[in-house]
There are 2 protein chains.
Amino acid sequence: MVDDGHKPDHGYDYDLVVIGGGSGGMAAAKEAAALGARVACLDFVKPSPAGTTWGLGGTCVNVGCIPKKLFHAGSLLNEAILQDSPAFGVQIASEMHANEVSTKVQWPVLRENIQNYIRSLNFKYRVRLREKDVTYLNKLGTFKNAHTIEAVDKKGRSSTITSSRFLIATGGRPTPLSCPGGDLAISSDDIFFMEQSPGKTLCVGASYISLECAGFLAGIGLDVTVAVRSILLRGFDRECSDRVGKYMEDHSKVKFRRGVVPSKLQKQENGQIEVTFSDGSTDSYDTVLAAVGRTADTEKLGISSLGIKVNSKNQRILGKYEQTDCPNVYAVGDVLDDTPELTPVAIQAGIKLARRLFGGSKEPMDYVNVCTTVFTPIEYSCVGISEDDAISKYGEDNVEVYHSEFLPLEWSLSNARSHSSAFAKIVCEKAEPQRVLGIHYVGPNAGEVMQGYGVSMRQGLTYKQLTETVGIHPTCSEEIVTLSITKSSGEDAAAGGC
Amino acid sequence: MVDDGHKPDHGYDYDLVVIGGGSGGMAAAKEAAALGARVACLDFVKPSPAGTTWGLGGTCVNVGCIPKKLFHAGSLLNEAILQDSPAFGVQIASEMHANEVSTKVQWPVLRENIQNYIRSLNFKYRVRLREKDVTYLNKLGTFKNAHTIEAVDKKGRSSTITSSRFLIATGGRPTPLSCPGGDLAISSDDIFFMEQSPGKTLCVGASYISLECAGFLAGIGLDVTVAVRSILLRGFDRECSDRVGKYMEDHSKVKFRRGVVPSKLQKQENGQIEVTFSDGSTDSYDTVLAAVGRTADTEKLGISSLGIKVNSKNQRILGKYEQTDCPNVYAVGDVLDDTPELTPVAIQAGIKLARRLFGGSKEPMDYVNVCTTVFTPIEYSCVGISEDDAISKYGEDNVEVYHSEFLPLEWSLSNARSHSSAFAKIVCEKAEPQRVLGIHYVGPNAGEVMQGYGVSMRQGLTYKQLTETVGIHPTCSEEIVTLSITKSSGEDAAAGGC
Ligand SMILES: Cc1cc2nc3c(=O)[nH]c(=O)nc-3n(C[C@H](O)[C@H](O)[C@H](O)COP(=O)(O)OP(=O)(O)OC[C@H]3O[C@@H](n4cnc5c(N)ncnc54)[C@H](O)[C@@H]3O)c2cc1C
Ligand SMILES: Cc1cc2nc3c(=O)[nH]c(=O)nc-3n(C[C@H](O)[C@H](O)[C@H](O)COP(=O)(O)OP(=O)(O)OC[C@H]3O[C@@H](n4cnc5c(N)ncnc54)[C@H](O)[C@@H]3O)c2cc1C
Ligand SMILES: NC(=O)c1ccc[n+]([C@@H]2O[C@H](COP(=O)([O-])OP(=O)(O)OC[C@H]3O[C@@H](n4cnc5c(N)ncnc54)[C@H](OP(=O)(O)O)[C@@H]3O)[C@@H](O)[C@H]2O)c1
Ligand SMILES: NC(=O)c1ccc[n+]([C@@H]2O[C@H](COP(=O)([O-])OP(=O)(O)OC[C@H]3O[C@@H](n4cnc5c(N)ncnc54)[C@H](OP(=O)(O)O)[C@@H]3O)[C@@H](O)[C@H]2O)c1
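In this text, all values refer to a predicted model and were calculated from it rather than measured experimentally.

Conventions adopted
- Residues numbered from 1 in each chain as written.
- Chains lettered and ligands numbered in written order.
- Predicted model: local features only at pLDDT ≥ 70, side-chain atom pairs only at ≥ 80, totals over all residues.
- Heavy atoms only, no water.
- Helix = DSSP H or I, 4+ residues; strand = E, 2+ residues; numbered from the N terminus.
- Rg over C-alpha atoms; globule rule 2.2 N^0.38 Å.
- Buried < 20%, exposed > 50% of the residue type's maximum accessible area, 1.4 Å probe, protein only.
- Contact = heavy atoms within 4.5 Å.
- Areas by Shrake-Rupley, 256 points an atom, 1.4 Å probe, with all protein chains shown as cover.
- Lys, Arg positive; Asp, Glu negative; His and termini not counted.
- Charge placed at Lys NZ, Arg CZ, Asp CG, Glu CD.
- Near = heavy atom within 4 Å.
- Polar contact = N/O pair within 3.5 Å; in protein donor to acceptor, adjacent residues only side chain to side chain.
- Pairing = 2+ DSSP bridges.
- Axes fitted to C-alpha atoms, helices over the stretch in contact; angles between N-to-C directions.
- Nonpolar A, V, L, I, M, F, W, Y, C, P; charged D, E, K, R; others polar.
- Core = buried A, V, L, I, M, F, W, Y, C linked by side-chain atoms within 4.5 Å.
- Parallel < 35°, antiparallel > 145°, perpendicular 65-115°, else oblique.
- Left-handed = near helix turned anticlockwise from the far one by under 90°.
- Least-squares fit on C-alpha atoms with pLDDT ≥ 70 in both.
- Expected span 1.5 Å × (residues − 1).
- Salt bridge = Lys/Arg side-chain N within 4 Å of Asp/Glu carboxyl O.
- Phe/Tyr/Trp six-rings, centres within 6.5 Å; stacked < 30°, edge-to-face > 60°.
- Lys NZ or Arg CZ within 6 Å of the ring centre and 35° of its normal.
- Patch = residues over 30% accessible without salt bridge, like charges linked within 9 Å, V, L, I, M, F, W, Y side chains within 5 Å.
- Buried area = accessible area lost by both parts, 1.4 Å probe.

A. Region of interest: the overall build of chain A. Helix and strand content of chain A: 12 helices and 23 strands. Against the compact-globule benchmark of 23 Å for 498 residues, chain A has a radius of gyration of 24 Å, which places it among compact chains. Viewed in the frame of its principal axes, chain A has a C-alpha envelope of about 70 × 65 × 45 Å. Across the 498 residues in chain A, those meeting the buried criterion constitute 60%. The long-range fraction of contacts in chain A, counting pairs at least 24 apart against all pairs at least 6 apart in sequence, stands at 64%. Summing over all exposed atoms, chain A offers an accessible surface of approximately 19600 Å²; the carbon and sulfur share of this is 49%. Once the 51 positive and 59 negative side-chain charges of chain A are each reduced to a mean point, those two points are 7 Å apart.

This is the structure:
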C-alpha cells in the first residue's frame, strides 16, 4: 500500500466515505466502522432509461443475483411440476383424472412476492448499516476534489462532505443497445419489475445475464429467442458452454439465432416490437431485453479531475490492490477493472481493503480461483481455468482432461428428462502430481456442488487428492471425485458410472 | 499385507472369488479382473422374512440408496408443489380457480417407476461384469475350506468352486424386531416393494434408515410416527441431529414418540397392527417398519471353521486392512466391522484391495474424514467429527465452533417455509492455525454441498483457508465459507448474513 496521507487527526468529516451502497460498498463500510473508523455510505439509484428505480443494496439484491435466482427457482419448480410429477406419481388436485399436467405461472404474483422480499432486504440493510454505526446517505456523490464530494438528494438538495479517504463502489449499469430504436429494448434493470409477463421475448447477448434471463423466462412458459452475436458464454469452457446452449435449445425450447445482432427495432401498432436482424430477417416480440454487457457507473463521478484513469471500453477504474491513481481514493467491485463482476468478490475485496486501511492488515484480495455459477436451466459452475485456456497456456500435450457424462439420479424416472445429461470435467497438468487447473460441472445445483471444490483448489489440489476422497452416494457431486476416464483415451465420457 | 500364499500357478479355478455382488464386491471383482486376475463373483439374495427378493447389485441399488433417494426426491417434489408453487405463482391446470393446491402421490406409480429403473440397473450391472470379464454366478456361497466354497443356485443345485483368494462382501441385512409379534413388522428390505401405500406407519428406530423412511413417507402425505428409544442419529453431531428432528416434527408433521420401544405387535381384524409400547400406551398402524440396525450376513457363511472371527454384537468380520484372520480371505463393505456402512466406502475399499492384491499397490483404504449425508426432509451432511466428539477429545477450551442459521433464498418467498431454517457449523481447534475438525450442514442439497469440502478436509483444512475462499452467490454453500460468528461469543447464530 502506498502512503495515502491518512492521519488520525485529519479534520475531515469522515475517515472514510463510501460512494455506492452495493455489495462491495456496504461490506467495506461496515468493516471499516467495526474497526473504529468514522464512515458514511452514499447510495443513490439513478432511474434506468425505462424509468425503473429501487432501494438500498445495489445491483445484487435489487436487479441482480437475488431476483434472478428467485425467478430461476420459480422456473425450476414449474419445470419439475411439468416434467417430474407424472414420473413420481404426484397427482395434483382435480387434475387427478386428466392425463397431462399443465401450469400457468402468474407473473404478477411471482413478481410481487419477489419484490416484497427485496423490500424486506432493503430495510434490513438500512438497519444493519445503522447498527454498525455507518451513516447512510441516500444521495448521489460527485467528486469536487480529492477530499470533498458534493452529495445531492432526491429533491436536488446539495451538500458537501469531506473525508480523509474515499472508496468508489458505484458498480455498473447495463450497456444500452445502440442500433436504431435501441431505446425500445429494456435491460435487466427493468425485467424484474414488469407489471405483466414480458410475453414473447428476444434476449440480445449471449453471456450470463442474457442466458439466465432467457432460461427463466422459458422455464415459466414463455416463447424466448436469444440473439447470439458470436459464441455463448465467452471466457468459459467451450464444451461446457455448448452443453448449456444445447440443453436450453433441446430441453427448454429456447430458440437461438446465431451470428446475428439486431440492426433496427420498431414499435408496431399492436404494441409489439419488430426487430430487424443483421441478416435482414425480421420478427416481432412483446419484449426485447438487451444484455450486451455492463458499463461502469463512473462517467459523472468527477474522477478525471483527480487523475483517476478508466478503461475506455467499459469505463471501469484502473488500479491494483483496489488503489486508484489518486492516493486516498480506492475502488472495489464491478467498478474496478479486470476483476470478476461478482457479489462475493466485491464483498471480500471490500472487507479486505477496510482491514488494510483501518486494521493494520497487509493481506491483499486474491482474485485467483474464484468460483462462478451460471444459473441457466441447466446450471454451470466452475473454478480455475477452462480446457481451452489450459491448452493454450500449457500446450495440448501437457494437459489431461478427465470427464464424465451422466444422468442425475433425480432425472432417471422421467421420460422428459431422459434425453438430457449432466457433465463433469477436470482439467489437470499431465505431469505428476497432476495439479488440477480447473473443475467444471454442468448439472443441477451447480453452485452448491462447486463451492467446496473452490476451497480445495485454493489448497493446491491434485488429481490424486481429489479422487482419493470417498464419494457421497447418491449425489451428482460424487461424479467429480470419481472421474477416471481421460479425454485422451478416446473412451466415451458416458462410459463411467457404477 | 501378510503373505497369503498366492502364486501365479496356484491351480485353483480362480485367482479371486468374490462372495457378494453388492457395491464392494462388484467393484473389487471388476478391478481385479481389469488387472488380469481370473475372477468370479457370486451374488444370491435370500428372501426377506416377508418374502421379498431382488436382482444383482446388492443393498444400495435394490433396497438402499437408490430407491431411498428416489422416494426422497418424490417427496421433496410433492412438498415443493404444495409449499412453494403458490408463492412462486405457479398455478396448476384446472386448479387455477381453487385457493389451495392439493396433491395425491400415487404409491403404485412411484413404486413401479422406481422398480423399473432398478431393473434397468440390475441388467446394466450384469452387462458390466461380463464386459469386464468377471464370471457372474447367481449362487449362494458357503466356505468348505480356505480354498473351496460350495455354490448353490436357485434350484438347489450345488457345485464346488476353488480359488486362490476369496473376498467376502456379503453386506448386512436388517435386524428383526425381537418383541412378541415382531414378525408383523417389515424392514427396509420390503418397504420399497409394497404394492400399495403403507398407509399410517410406525418407524421403529432413530437412525439413518428409520428417519429417512419416516421422512419420505411423511413427504408423500402419510401419517408417520417414529419410535425413538433414546436419541436421534447416534454418533452424529447432537445439535444438528436435533435440528433434523425438529424440522421433521414441525415441518413434515412426523410424530416422535420418545423414550419408548414397541413391546408387542398384534394383528387386528381390520388388518391394522396394534402396537403396545414400553410405556403401556397403544396405537394402531397399517404398517410397522423396523429399522433397528443391521446385522452382517455371515452366519451361514461357514467362516468360523476358517478361524475368522466376528463381532458378536453384529456378526461383522474383524480385521485390519480388509484382511480376515484367514490369510487368503479378505472382507470389504458392510460385512467388515468398524467401518462406515456406506456404498462409496465399500467401493473404494474394494478397488484399493484389488489393486494391492493384483496390482502391486501398497495403498491402504483410508476410512478417515469420510463424508456422509442423511437424506431426511431437511438433509444433513457432515465430514469430520461432531462438536460433542471434538470437545471430549480436545477439551472445551481448545475447540472453537463457528455457526450460522439462515433461510435458504429458495425458501424466502413461501410462508410455509419461513419458520424453518438451514444451519451450518464448523468445529475447529482453537489454537492457530485453527485446523478444521468437522463441517456440518443441515439444509437443502446437503450431499451436493458437502462433497467438495470432503476433498478440502483431506488436504488438512484450516479456518483461514476456508474463509479466504470467495463465495458463490446466491447459494447455501457460501454460508460455510463465510462463517464468522463463534459459539463462544454467545452471539446469535442467526445474526450473520449479508
Ligand atoms: C442480472 C444480474 C444477475 C447477476 N447475478 C449474479 C449472481 O448470481 N452472482 C453474483 O455473484 N453476481 C451476480 N451479478 C453481479 C453482481 O450483482 C455484481 O457483481 C455486484 O452487485 C457488484 O457489487 P458492487 O458493490 O460493485 O456494485 P453494485 O451492487 O452495482 O452497487 C453500486 C451502487 O452504487 C450506487 N451508485 C452509483 N453511482 C453512485 C453515486 N455517484 N453516488 C451514490 N451512489 C451511487 C448504485 O445505484 C448502486 O446502488 C449479477 C448482475 C446482474 C446485473
Ligand atoms: C435403506 C438403506 C438406505 C441406504 N442409503 C445409503 C445412502 O444413501 N448412501 C450410502 O452410501 N449408503 C447407503 N446405505 C448403505 C449401503 O447400501 C451399503 O453400505 C452398501 O450397499 C454396502 O455394500 P456391500 O458391498 O458391503 O454389501 P451389499 O450391497 O449389501 O451386497 C452384499 C450382497 O451379497 C449377497 N450375499 C450375501 N450373502 C451371500 C452369499 N453367501 N453368497 C452370495 N451372495 C451373498 C447379498 O444378497 C447382496 O446382494 C443404505 C442402506 C440401506 C439399507
Ligand atoms: N451468475 C452470475 O454470477 C452472474 C450473472 C449475471 C451477471 N454476472 C456478472 O455480470 C457481468 C456482465 O454480464 P453480461 O452478460 O451483461 O455481459 P458480458 O459478460 O460482458 O457479455 C456481453 C454479451 O453481449 C454480447 N454483445 C455485446 N455487444 C453486443 C451487441 N452490440 N449486439 C449483440 N450482442 C452483443 C457479447 O457477445 P460477444 O461474445 O460476441 O462479445 C456477450 O455475449 C458478467 O461478466 C458477470 O461477471 C454474474
Ligand atoms: N444416507 C446414508 O448414507 C445411509 C442411509 C441408511 C443407512 N446407512 C447405513 O446403514 C447403517 C445402518 O443403519 P440403521 O439406521 O439401520 O442402524 P443403526 O445406525 O445401527 O441404528 C439403529 C437404530 O435403531 C435403534 N434401536 C436399536 N435397537 C432397537 C430396539 N430394539 N428398539 C427400538 N429401537 C432400537 C437405535 O437406537 P439407540 O440409539 O438407542 O441404540 C438406533 O436409533 C448405518 O450405520 C449407515 O451407515 C446409510
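From this point on, the discussion continues.
B. A look at the site of ligand 1. Not every one of the 39 residues close to ligand 1 is listed here, only the nearest: Gly24, Asp43, Thr59, Lys68 and Asp334 of chain A. Ligand 1 is flanked by residues contributed from chains A and B. Take His473 of chain B: an N or O atom from its main chain is 2.8 Å from a nitrogen atom of ligand 1. The protein chains hide 96% of the 990 Å² of surface that ligand 1 would expose on its own. Among the elements of the structure, helix H1 (23–34), helix H2 (58–63), helix H3 (65–83), strand E6 (140–145) and helix H8 (343–358) of chain A are those that each provide at least two residues to the shell around ligand 1.

C. Highlighting the sheet that holds strand E21 (residues 399–406) of chain A. Residues and elements named next belong to chain A. Spatially, five strands are ordered E19-E20-E23-E22-E21 in an open sheet, and the strand pairing comes out antiparallel. Edge positions in the sheet fall to strand E19 (372–374) and E21, since each has one partner strand and no second. Each strand of the sheet is rotated relative to its neighbour by a mean of 10°, with strand direction disregarded.

D. Examining the site of ligand 2 more closely. Near ligand 2 there are 39 residues, and of these Gly24, Asp43, Thr59, Lys68 and Asp334 of chain B occur at the shortest range. The site occupied by ligand 2 is bordered by residues of chains A and B. Between ligand 2 and Gly24 of chain B there is a distance of 2.8 Å, counted from an oxygen atom to a backbone nitrogen or oxygen. Asp297 of chain B places a side-chain nitrogen or oxygen 3.4 Å from a nitrogen atom of ligand 2. In the complex, 96% of the free accessible area of ligand 2, which totals 1000 Å², lies under the protein chains. Contributing elements (two or more residues each) for the shell around ligand 2: helix H1 (23–34), helix H2 (58–63), helix H3 (65–83), strand E6 (140–145) and helix H8 (343–358) of chain B. Looking at which element gives the most residues to the shell around ligand 2, the answer is H2 of chain B, with four residues. Along the lines of polarity and charge, the residues of the shell around ligand 2 split into 16 nonpolar, 16 polar and seven charged.

E. Examining the nonpolar core more closely. Ranked by size, the top nonpolar core spans 178 residues in total, and within it Val39, Ile66 and Tyr380 of chain A together with Val39, Ile66 and Tyr380 of chain B carry the most contacts. Once residues lying within four places of it in the same chain are set aside, the contact partners of Ile66 of chain B are Leu409 and His473 of chain A together with Cys60, Val61, Tyr117, Ile118 and Leu121 of chain B.

F. Structural view of the packing of H1 of chain A against H8 of chain A. All names here are of chain A. It is at 7 Å that the axes of H1 and H8 come closest, and there the two elements cross at 30°. The orientation of H1 relative to H8 falls into the category roughly parallel. The two elements H1 and H8 cross, and the hand of that crossing is right-handed. Here Ser23, Gly24, Ala27, Ala28, Glu31 and Ala32 of H1 lie close against H8, whose contacting residues are Thr343, Ala346, Ile347, Gly350, Ile351, Ala354, Arg355 and Phe358.

G. Up close: the relation of the copies chain A and chain B. Under the fitted operation, chain A is carried onto chain B by 0.0 Å of movement along the axis and a turn of 180°, and the coordinates agree to an RMSD of 0.0 Å. One copy is carried onto the other by what is essentially a two-fold rotation axis.

H. Inspection of the pairing of strand E15 (residues 282–285) of chain A at higher detail. Residues and elements named next belong to chain A. Note that strand E14 (residues 273–277) and E15 share four bridges and pair antiparallel. Its bridge partner lying in E15, Thr276 is registered against Thr282. In sequence, E14 turns back onto E15 through a hairpin of four residues, with Gly280 there showing a positive phi of about 90°.

I. How the structure looks around H1 of chain B. Residues and elements named next belong to chain B. For H1, spanning 12 residues, the distance from its first C-alpha to its last is 17 Å, which sits close to the expected 16 Å at 1.5 Å a residue. The element H1 is largely enclosed, with a buried count of 11 among its 12 residues. Of the positions making up H1, those classed as buried are Ser23, Gly24, Gly25, Met26, Ala27, Ala28, Ala29, Lys30, Glu31, Ala32 and Ala33. Positive backbone phi, at 100°, marks Gly36, one or two positions downstream of H1.

J. Representation of the pattern of salt bridges. Taken as a whole and judged by the stated rule, the model has 66 salt bridges over all chains. Notably, a salt bridge pairs Arg458 of chain A with Glu468 of chain B, separated by 3.6 Å at the nearest N-O pair. Placement of Arg458 of chain A in helix H10 (residues 446–458) and of Glu468 of chain B in helix H11 (residues 463–468) is noted, with the two residues assigned to different chains. For Arg458 of chain A, a relative accessible area of 27% gives the class partly exposed. Arg119 of chain B serves as the salt-bridge partner of Glu112 of chain B, at 3.9 Å between the closest nitrogen and oxygen.

K. Quick peek at the sheet that holds strand E23 (residues 436–442) of chain B. All names here are of chain B. Read from one edge of the open sheet, five strands run E19-E20-E23-E22-E21, paired in antiparallel fashion. Among the strands making up the open sheet, the edge pair consists of strand E19 (372–374) and strand E21 (399–406). Between one strand and the next, the sheet's axes are offset by a mean angle of 10°, whatever the strand orientation. Here six bridges tie strand E22 (residues 422–429) to E23, and the two strands are oriented antiparallel to one another. Residue Ala424 lies in a different strand from E23, and its bridge partner there is Tyr441. Those strands touched by helix H7 (residues 238–250) are strand E20 (380–384), E21, E22 and E23, and its axis lies near 170° from that of E22.

L. Representation of the packing of aromatic side chains. In total, this model carries 20 aromatic pairs over all chains according to the counting rule given. Consider the rings of Phe71 of chain B and Trp107 of chain B, whose centres lie 4.9 Å apart with planes at 35°: the pair is tilted. With Phe71 of chain B in helix H3 and Trp107 of chain B in helix H4 (residues 107–131), this pair connects stretches of sequence that are 36 residues apart. Neither Phe71 of chain B nor Trp107 of chain B differs from the other in exposure class; each is buried. What links up through ring pairs into an aromatic cluster is the set Phe71, Trp107, Phe192 and Phe216 of chain A. Above the plane of the ring of Phe358 of chain A lies Arg165 of chain A, whose end atom (NZ or CZ) is 5.0 Å from the centre. A cation over an aromatic ring shows up here: Arg257 of chain B above the ring of Phe277 of chain B, its NZ or CZ 4.5 Å from the ring centre.

M. The arrangement of a positive patch on the surface in detail. All names here are of chain A. Taken together, the side chains of Arg126, Arg130, Lys154 and Lys155 define a basic patch exposed on the protein surface. Within the secondary structure, Arg130 is located in helix H4 (residues 107–131). A relative accessible area of 59% means that Arg130 is categorised as exposed.

N. Structural context of the interface of chain A and chain B. The interface is formed by 89 residues belonging to chain A together with 88 residues belonging to chain B. Across the chain A to chain B interface the summed buried area is about 7500 Å²; carbon plus sulfur atoms make up 61%. Contact with chain B buries surface across chain A, with Glu448, Gln451 and Val470 of chain A losing the most and accounting together for 10% of the total. Counting across the interface, chain A meets chain B through six salt bridges. Taken together, chain A and chain B are joined by 25 residue pairs in polar contact (both at pLDDT 80 or more). Listed by contribution, the elements that provide at least two residues to the side of chain A that touches chain B are H3, strand E3 (90–92), strand E4 (103–105), H4, H8, H10, helix H11 (463–468) and helix H12 (478–481) of chain A. When grouped by side-chain class, the residues that make up the side of chain A that touches chain B number 43 nonpolar, 32 polar and 14 charged. Of the pairings in the sheet, the one linking E3 of chain A to strand E4 (residues 103–105) of chain B comprises three bridges and is antiparallel in character. Looking at the pairing, Ile92 of chain A lines up with Thr103 of chain B of E4 of chain B.

Distances and angles like these do not, on their own, reveal function.
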